[in-house]
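Chain and residue survey
Here is what each chain is made of, one letter per residue.
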Amino acid sequence: MTSLGDGTHLVLPGGVVGRRHAVEGAARADGAAVHLAVAEVGDPGAPAVVLAHGVGSSARFVAAACAAPLGAAGWRLVTYDARGHGGSTPCPDRVDHGLDAYAADLAAVVAGSAGVAAVGGVSLGGHAAIRWRGGLPRVVCLPAWQGRAAPGEGPHAYVAAEVRRVGVAAVTARLRADTTMPTWLRDTLVTDYTRHDADSLAAALLALDGGEAPSCDEVAELRVPVGVVAWRGDPGHPFPVAEELVSSARTATLTELAMDDLEVSLTRFGDAVVTALRSLGLTSG
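Described below are features of the structure shown in this document. (Residues numbered from 1 in each chain as written. Predicted model: local features only at pLDDT ≥ 70, side-chain atom pairs only at ≥ 80, totals over all residues. Heavy atoms only, no water.)

**Side note on the pairing of strand E6 (residues 76-80)**
Judged by how many residues are buried, E6 sits mostly within the fold: five of five residues are covered. Neither face of E6 is left uncovered, since the one carrying Arg76, Val78 and Tyr80 and the one carrying Leu77 and Thr79 both have all their residues buried. As paired elements, strand E4 (residues 35-41) and E6 share four bridges and run antiparallel to each other. What sits directly across from Glu40, in E6, is Val78. Bridging between strand E5 (residues 48-52) and E6 involves five bridges; their strand directions are parallel. Bridging across to E6, Ala48 finds its partner in Arg76. Remark: the E5/helix H1 (residues 59-72)/E6 crossover connection has right-handed handedness. (Buried < 20%, exposed > 50% of the residue type's maximum accessible area, 1.4 Å probe, protein only. Helix = DSSP H or I, 4+ residues; strand = E, 2+ residues; numbered from the N terminus. Pairing = 2+ DSSP bridges. Right-handed = clockwise from strand over helix to strand, strands pointing away.)

**Structural notes on helix H4 (residues 157-166)**
Every buried residue belonging to H4 is among Ala157, Val159, Ala160, Glu162 and Val163, and all of these are buried. Buried positions along H4 lie against helix H5 (168-177) and helix H7 (198-207). Looking one or two places after H4, you find Gly167, whose phi comes out positive at around 95°. (Contact = heavy atoms within 4.5 Å.)

**Some remarks on the environment of Trp132**
Among the structural elements, Trp132 can be located in the loop between helix H3 (124-131) and strand E8 (138-141). A relative accessible area of 11% places Trp132 in the buried class.

**Considerations on the nonpolar core**
If you look at the biggest cluster of nonpolar residues, it comprises 79 residues, and the most contacted ones within it are Cys66, Leu70, Leu106, Phe269, Val273 and Leu277. The greatest single-element share of this core, amounting to eight residues, is contributed by H1. Not counting residues up to four positions away in its chain, the partners in contact with Leu106 are Val50, Ala52, Tyr80, Val119, Ala128, Ala129 and Trp132. With eleven residues, the next largest nonpolar core counts Ile130, Val228, Leu245 and Ala249 among its residues. (Core = buried A, V, L, I, M, F, W, Y, C linked by side-chain atoms within 4.5 Å.)

These results come straight from atomic positions and should not be treated as a statement about function.
This is the structure in structure tokens:
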């Protein structure tokens, strides 16, 4: 796992240190500025892959999973805490957690990064990467749904319902005690959930219920290749949705891994991202 160092560095396993800075994203609905905590890991002269995390996750997880595999393959990782998460500006109103806001934040991070070769994300971060209007290849990991989920019926509705009923602290306590969950997933969720502003995390989770994702038509309009990374057996990120995304895109590849792969090492996820990049014909040299 990673730790957040002194506010300017991201400390990774083995003592590898990433560089941290802030980028201004899309303003909140009340007009307040949103500052995003950005981390870069790898050779500053290497081409960058910008990856956005999903709701409740963090730059910490993306760096732990992807920094080493990307670095070994010759890329550098750029990631960031999403609005209302980790070191970024709190956003306690669910109106500030729409897909367009996440896409605008991603656009700001890409604009503030040099030498970007590809853009992507995990879950909602992957949806934001599709909604982003730039002309770079995409890597979309664990897409959750396509189009608009019906309130109370979408794949993450049960999470929102639990948050409404008992609150984030109780949800975190349940996760901590859940021995049926894969160890890596339980540890990741508990670690990240406790890093976020509780009201902002609740707002982000609630916004998933009935939330919008890119439609199949929107995916079909992309004029860049799309590499999709997915696994089976996850009701929050159904494998058929990944297959639908691939079939909708003009040019797309599908890289499959298993959730249990991450029990061996979180970097197995980053290995899959590298495979997806290479499947699109992207090289770091």
